[in-house]
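Analysis of the macromolecular model
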Amino acid sequence: MIQTLFETPSTYRLTDTEMAAPVPQVQAVLFDFSNTIFQMISLATWLRRVGAAAGRLALLDAPGAEAEVADQLRTAFRLPSVVALQESRDVSPERHRQAMRGWWSQVDFLRGAEDAAYRELAAPDAWIPYPDTEPVLRALRARGLRIGIVSDFPWDLRTHLAHHGLDDLIDSCVISYEQGREKPDPQLFFHACAALGAEPRATLMVGDNPARDGGASACGLRTYILPAENRTGERGLADVLRLVS
């Protein structure tokens, strides 16, 4: 039974007492991984690693070669056959690998080097934390908050956390490939909260994708969405510290 004409759909119900009371203080923070606290190495760096691994590095030294590869990648990603492969690609390693192979096979430089390209994509040092990631995580830890990750990702992202010495700052990871479902599926958010021993209404979700990460709001979590910008400077992540005060 709805209580207001324009009620926002949700996956939980509150008692009259809970609705009249202030929202509980934040006890835990969930972060998206990709483009929120970690980012992939630059395209140029990745292409050169692929070129070195596949024995075709010299091809990138031709004038305009890297720009041409980048243009082919953008064009190929819009092909209907490639777009179709991206659907639910993070629910399993196999589906993600298939999606990447289908994309890269349309690019001259990567065609025939898909295996090397995938190894370089998943390498422990291929994903790096933003400059403000560690300071924010450590500040949250110092305040006694529990910290988790809920991410659409096709392999164990703990590899990247450990490589950069940040694994001790994360209490729990809920990853799509392990659960067989992607955000905004409510079960991912509920599972992540349960893993931290935190009530959803006492949890803050931080991400960069309003459609996926914003789905946490339907589960009772407060949600903070960062601008979807490829920034190297301050991004607003430090505002999380104000939101949990």
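Our subject in this report is the structure included herewith. Chains are numbered independently. Their residues run from 1 in the order of the written sequence. Local features in a predicted model are, by the rule used here, given only for residues with pLDDT of at least 70; side-chain atom pairs are given and counted only at 80 or more, and totals for whole chains, interfaces and linings are based on all residues. Where side-chain values are given, they derive from all heavy atoms of the structure, hydrogens and water being excluded.

1. Here's the deal with the packing of helix H2 (residues 43-54) against helix H3 (residues 65-77)
Applied cut-off: Orientation is described by lines fitted to C-alpha atoms, with helices fitted over the stretch in contact, and by angles between N-to-C directions that extend from 0 to 180 degrees. Helix numbering and strand numbering both begin at the N terminus, where a helix is a DSSP run of H or I of at least 4 residues and a strand a DSSP run of E of at least 2. Each angle receives one of four descriptions, namely roughly parallel if under 35 degrees, roughly antiparallel if over 145, roughly perpendicular if within 65 to 115, and oblique otherwise. In this description, contact between two residues means that some pair of their heavy atoms is separated by no more than 4.5 Å. Each residue receives one of three labels: charged for Asp, Glu, Lys and Arg, nonpolar for Ala, Val, Leu, Ile, Met, Phe, Trp, Tyr, Cys and Pro, and polar for the others, Gly being one of them.
Between H2 and H3, the least distance of the axes is 11 Å, while the angle of their chain directions is 100°. Between H2 and H3, the interaxial angle falls into the category roughly perpendicular. Here Leu 43, Ala 44, Leu 47 and Arg 48 of H2 come into contact with H3, specifically with Glu 66, Val 69, Ala 70 and Leu 73. Classifying every residue of the contact of H2 with H3 gives 6 nonpolar, no polar and 2 charged.

2. Focus on the packing of aromatic side chains
The way to describe two aromatic rings as a pair is by their centre distance and the angle between their planes. As a reminder of what qualifies: Ring pairs are drawn from Phe, Tyr and Trp, using the six-membered ring of Trp, whenever the two centres fall within 6.5 Å, and their geometry is named by plane angle: stacked under 30 degrees, edge-to-face over 60, tilted for the rest. Burial status follows relative accessibility: with a 1.4 Å probe on protein chains alone, a residue under 20% of its type maximum counts as buried, one over 50% as exposed, and anything between as partly exposed. Only lysine NZ and arginine CZ atoms are considered, and such an atom sits over a ring when it is within 6 Å of the ring centre and within 35 degrees of the ring normal.
All told, the structure shown has 9 aromatic pairs when counted by the stated rule. With 4.6 Å between their ring centres and 55° between their planes, Phe 77 and Trp 103 make a pair best called tilted. Placement of Phe 77 in helix H3 and of Trp 103 in helix H5 (residues 93-104) is noted, with a sequence separation of 26 residues between them. An angle of 70° between the planes, with centres 4.9 Å apart, marks the rings of Phe 153 and Trp 155 as edge-to-face. In this structure Phe 153 comes out as buried when scored by relative accessible area, which is 3%. Taking relative accessible area as the criterion, Trp 155 reaches 12% and is therefore assigned buried. An aromatic cluster of at least three residues, connected via ring pairs, comprises Phe 33, Phe 38, Trp 46, Trp 104, Tyr 118, Trp 127, Phe 153 and Trp 155. Taking the ring centre of Tyr 118 as reference, the NZ or CZ of Arg 97 above it sits at 4.1 Å. Positioned above the aromatic ring of Tyr 130 is the side chain of Arg 235, whose terminal nitrogen or guanidinium carbon lies 3.6 Å from the ring centre.

3. Here's the deal with unusual backbone geometry
Here the bond from Lys 183 into Pro 184 is cis, since omega is 15°, no more than 30 degrees from zero. Of note, Pro 184 is situated in the loop between helix H9 (176-179) and helix H10 (186-196). Even without a glycine there, the phi angle at Asn 35 is positive, about 70°. Judged by relative accessible area, Asn 35 falls into the partly exposed class, the value being 39%.

4. Focus: the pairing of strand S6 (residues 203-207)
Strand residues, when the strand is regular, have side chains that alternate between the two faces of the sheet. Basically, it comes down to this: Note on pairing: DSSP must find at least two bridges between two strands before they are called paired.
Extensive coverage of S6 is indicated by the burial of 5 of its 5 residues. Taking every second residue as pointing to the same face, both faces of S6 are buried, with Thr 203, Met 205 and Gly 207 on one and Leu 204 and Val 206 on the other. With 4 bridges connecting them, strand S1 (residues 28-31) and S6 associate as parallel partners. Note that in S6 the partner of Phe 31 across the bridge is Val 206. Judged from the 4 bridges that link them, S6 and strand S7 (residues 222-225) form a sheet pairing that is parallel. In the strand pairing of S7, Val 206 is matched with Tyr 224.

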